[in-house]
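The residues making up each chain are set out below.
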Amino acid sequence: MGHPSQLLAQQETEEPISLRSSKVDWSKTTEHETRIKGQRVPYTTTVGNQPVWNEDGKPIASLFYTYYERSDVDDHSRRPLVISFNGGPGSASVWMHIGYTGPKMLNIDEEGFPLQPYGVKDNPHSILDVADIVFVNPVNVAFSRILDEETKRETFFGVNADVEYLADWIDTFVSRQNRWPSPKYLIGESYGTTRVSGLANRLQSSHWMYLNGVILVSPTGLGIDREGPVEDALPLPYFTATAWYHEALDNSFQQQDLDDILPEVEAFTINEYIPALAKGGFIEEAEKQRIAEQVSEYSGIDKQAILDRNLRISTSFFWKELLRDEGLTVGRLDSRYRGVDRENGGERYDFDPALSAWNHAFTPAINHYLRSELGYETDLQYWTFGPVHPWDRTRNNTGEELREAMAQNPFLQVMIQSGYYDGGTNYFDAKYTMWNLDPSGKLTDRLSFKGYRSGHMMYLRAEDLESSNEDIRTFIEASIPEEDLPAKY
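Residues numbered from 1 in each chain as written. Predicted model: local features only at pLDDT ≥ 70, side-chain atom pairs only at ≥ 80, totals over all residues. Heavy atoms only, no water.

Trainee: Sorry if this is basic, but what is going on with the overall build of the protein chain here?
Mentor: Check the secondary structure of the protein chain and you find 14 helices and 15 strands. In summary, the protein chain has a C-alpha radius of gyration of 23 Å against a globular reference of 23 Å for 489 residues, a match within 12%. When the backbone C-alpha atoms are referred to their principal axes, the protein chain occupies close to 75 × 55 × 50 Å. For the protein chain, the residues scored as buried account for 58% of the 489 residues in total. (Helix = DSSP H or I, 4+ residues; strand = E, 2+ residues; numbered from the N terminus. Rg over C-alpha atoms; globule rule 2.2 N^0.38 Å. Buried < 20%, exposed > 50% of the residue type's maximum accessible area, 1.4 Å probe, protein only.)

Trainee: Hey, could you run me through the packing of helix H2 (residues 159-176) against helix H3 (residues 191-206) in this one?
Mentor: Think of two packed helices as two axes; the pair is described by the angle between the axes and how far apart they sit. As a packed pair, H2 and H3 sit with axes 9 Å apart at the nearest point and diverge in direction by 60°. The angle between H2 and H3 falls in the class oblique. In terms of crossing hand, the pair formed by H2 and H3 is right-handed. Counting all contacts with H2, which are made through Val159, Asp162, Val163, Glu164, Leu166, Ala167 and Ile170, the residues of H3 involved are Tyr191, Thr194, Arg195, Gly198, Leu199, Arg202 and Leu203. (Axes fitted to C-alpha atoms, helices over the stretch in contact; angles between N-to-C directions. Parallel < 35°, antiparallel > 145°, perpendicular 65-115°, else oblique. Left-handed = near helix turned anticlockwise from the far one by under 90°. Contact = heavy atoms within 4.5 Å.)

Trainee: How should I be thinking about helix H13 (residues 427-437) in this particular structure?
Mentor: A turn of α-helix holds 3.6 residues, and therefore any two residues three or four places apart point the same way. Where burial is concerned, most of H13 is hidden: eight out of the eleven residues are buried. Looking at the buried side of H13, the elements it contacts are helix H4 (229-233), helix H5 (236-245), helix H7 (258-278), helix H12 (398-408), strand S14 (413-419) and strand S15 (447-452). Residue Asn426 occupies the N-cap position of H13, its side-chain oxygen lying 3.1 Å from the main-chain nitrogen of Phe428. (Polar contact = N/O pair within 3.5 Å; in protein donor to acceptor, adjacent residues only side chain to side chain.)

Trainee: What exactly am I supposed to notice about empty space enclosed by the protein here?
Mentor: Using the criterion set out here, one finds one cavity of 30 Å³ or more in the structure. Taken together, Gly90, Pro138, Val139, Val141, Phe156, Phe157, Asp162, Tyr165, Arg195, Val388 and Trp391 make up the lining of the largest cavity. Among the residues forming the lining of the largest cavity, the class breakdown is eight nonpolar, one polar and two charged. (1 Å grid on protein atoms, 1.4 Å probe; cavity = no way out; pocket = protein on both sides within 12 Å on 5 of 7 lines; lining within 4 Å. Points joined across faces, edges and corners; volume = space filled by probe spheres on them. Nonpolar A, V, L, I, M, F, W, Y, C, P; charged D, E, K, R; others polar.)

Trainee: What exactly am I supposed to notice about the confidence of the model for the protein chain here?
Mentor: For any part of a model where pLDDT is low, the fine detail of the predicted coordinates should not be relied upon. Of all residues in the protein chain, 96% attain a pLDDT of 70 or more, and the chain-wide mean is 94. Scored below 50 in pLDDT, residues 1-17 makes 42 contacts in the model with residues more than four places away or belonging to other chains. (pLDDT = per-residue confidence, 0-100.)

Trainee: How should I be thinking about the pattern of salt bridges in this particular structure?
Mentor: Side-chain pairs of opposite charge can arise where the charged atoms are in close proximity. Under the definition given, this model contains 32 salt bridges. Between Arg179 and Glu69 there is a salt bridge; the shortest N-O distance is 3.6 Å. On the criterion of sequence distance, the pair formed by Arg179 in the loop between H2 and strand S10 (184-189) and Glu69 in strand S4 (residues 59-70) is long-range, its members being 110 residues apart. For the salt bridge of Glu111 with Arg336, the shortest nitrogen-to-oxygen distance reads 2.6 Å. Of this pair, Glu111 sits in the loop between strand S6 (104-106) and strand S7 (120-122) while Arg336 sits in the loop between strand S12 (329-330) and strand S13 (338-339); the two residues are 225 residues apart in sequence, bridging distant segments of the chain. According to the relative accessible area criterion, Glu111 is partly exposed, its value standing at 31%. Overall, Arg336 belongs to the buried group, its relative accessible area being 4%. A single network of salt bridges, built from pairs that share partners, joins Glu111, Asp334, Arg336, Arg461, Glu463 and Asp464. (Salt bridge = Lys/Arg side-chain N within 4 Å of Asp/Glu carboxyl O.)

Trainee: I'm lost on the nonpolar core in this one. Help?
Mentor: A general trend in soluble globular proteins is that nonpolar side chains are found buried together. In terms of nonpolar packing, the biggest core is built from 94 residues, with Phe156, Ile170, Leu199 and Val214 touching the most fellow members. Those residues in contact with Ile170, other than ones at most four positions away along the chain, are Ile83, Phe85, Leu186, Leu199, Leu203 and Met209. Counting 56 residues, the second-largest nonpolar core is a separate cluster that includes Phe64, Met105, Ile108 and Ala361. (Core = buried A, V, L, I, M, F, W, Y, C linked by side-chain atoms within 4.5 Å.)

Trainee: Where do I start with the environment of Arg226 in this structure?
Mentor: Locating Arg226 in the fold gives a position in the loop between strand S11 (213-217) and H4. A relative accessible area of 9% places Arg226 in the buried class. Spatially, the C-alpha atoms of Arg226 and Thr474 are 31 Å apart, while their sequence positions differ by 248 residues. Ignoring sequence-local partners within four residues, the contact set of Arg226 consists of Gly221, Glu231, Leu234, Asp429, Tyr432 and Thr433. At a separation of 3.0 Å, a polar atom in the side chain of Arg226 contacts the main-chain carbonyl oxygen of Gly221. Of note is the side chain of Arg226, whose polar atom sits 3.1 Å from the side chain of Thr433.

Trainee: So what exactly am I meant to see when it comes to the pairing of strand S5 (residues 81-85) here?
Mentor: Strand residues, when the strand is regular, have side chains that alternate between the two faces of the sheet. The element S5 is largely enclosed, with a buried count of five among its five residues. Taking every second residue as pointing to the same face, both faces of S5 are buried, with Leu81, Ile83 and Phe85 on one and Val82 and Ser84 on the other. Here S5 pairs with strand S8 (residues 132-136) via four bridges, running parallel. When the sheet's bridge partners are listed, Ile83 is paired in S8 with Val134. The sheet contact formed by S5 and S10 spans five bridges and is parallel. Following the sheet pairing, Ser84 is matched in S10 by Ile187. (Pairing = 2+ DSSP bridges.)

Trainee: Would you take a moment to explain unusual backbone geometry for this structure?
Mentor: Most peptide bonds take the trans form, and the phi angle of most residues other than glycine is negative. The step from Gln116 to Pro117 runs through a cis peptide bond, and the omega angle for that step is 5°. Within the secondary structure, Pro117 sits in the loop between S6 and S7. His389 connects to Pro390 through a cis peptide bond whose omega is 5°. Note that Pro390 resides in the loop between helix H11 (353-373) and H12.

Trainee: I would appreciate a short explanation of the packing of H7 against H13 in the present structure.
Mentor: Across the interface, H7 lies against H13 with an axial gap of 12 Å and an inter-helix angle of 60°. Judged by the inter-axis angle, H7 sits oblique to H13. Viewed along their axes, H7 and H13 form a crossing whose handedness is right-handed. Counting all contacts with H7, which are made through Leu262, Glu266, Thr269 and Ile270, the residues of H13 involved are Tyr427, Phe428, Lys431 and Trp435. A class-by-class count of the residues in the contact of H7 with H13 yields five nonpolar, one polar and two charged.

Trainee: Is there a simple way to think about the pairing of S8 in this case?
Mentor: For S8, the buried fraction is high: five of the five residues fall into the buried class. Going residue by residue along S8, you find Asp132, Val134 and Val136 tucked away on one face and Ile133 and Phe135 tucked away on the opposite face as well. Relative to S8, S4 runs antiparallel, the two being bridged by four bridges. Considered in S8, the bridge of Tyr65 is made with Val136.

Here's what the structure looks like:
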């Protein structure tokens, strides 16, 4: 494959055998133009498939990707390349592709709720002005498929297997696009943060590809231990944020700004709540009552309900209970969203109203965009969520692998982005991950956290779409060292 900037618009490198079969090694490039932050940005878009090979050189899978490259750049040696993954596992790249960093964005309202007609529009906050972006779809999501039915599913479906084959795929992609000199970044959302944390180390140790940055959007636990009282306590600041949004707190807290309340709740969680839970059934009654009262004030949940649950509130109970008196539930992935259940009783909601709203908008839009605007012709179903189970979650040391990569690469920076209303991977859990990623404290100057007033996909809220992209832009620009600066401690 030639370099995309050298390809003619509409060029195809291989004709598919059948629209019902997977494209194996194929691409199509088209030319476009947009405005980002008021600046004209011409670019090419390449949709294509690149194989995964086995040790004998046989294609065993084909990964679908979309690659955006600014076309008025002559020297790519200083031009950053961002490699983007979503999570699941089993989730397509659609979410960040047309929701966050790409040059096109979903047609939604200012708060992220779906609108009709479905489709996309220009994204004036895309990071394409400062970096090229490739959105990668792992095996069995989007139009990516297994080609060799005899290949064991364990080759792809597991924490470490996922990292291994994707590192090989990235190596090939970077070589084909002649991007080895470029500053390189990985960005992952949700389970994608597990993926890119492992990839940072794998690329560095097995492919000698050294990164400038890793961006963790709504991160998972990355294999860092937090079972017991820590795990039970960490959601409390998220409960506070959600209750504040729905005006479910007492007036003394409700009248304060969220930025003023959360530090107080975070301090209580670390200094009082976790120690109290650690005492288990031997906690003194007076302290138990005091902790229950405080947790009630911070969460908007009745004190007796907290006592009945031994001072622990599960997230599933919180989503059902917070607005029960109004006959409503709140969302898991974005607790600003409200839902209605068949029955008002029970301990858990019937469905996540946030996810159902997002599916409402994203799937029609990405199908139309890829097929009608970018010319990807296929009769394959676009798998927004694909069949990747069972997934082997054992030996998840991705947090430690990211720390090792940072320790061995003085240029590598890490930024975490989280939404305050995310109940799937709550923001205070993400802070805990950052605090415990490097117990030595020697890497703290290269770890940063950004919080936003939205949920798991914080970029769906218009105000946060702008600020979160700007945070990425600033992160990229700050993490490119001066020319000829040595990588050393």
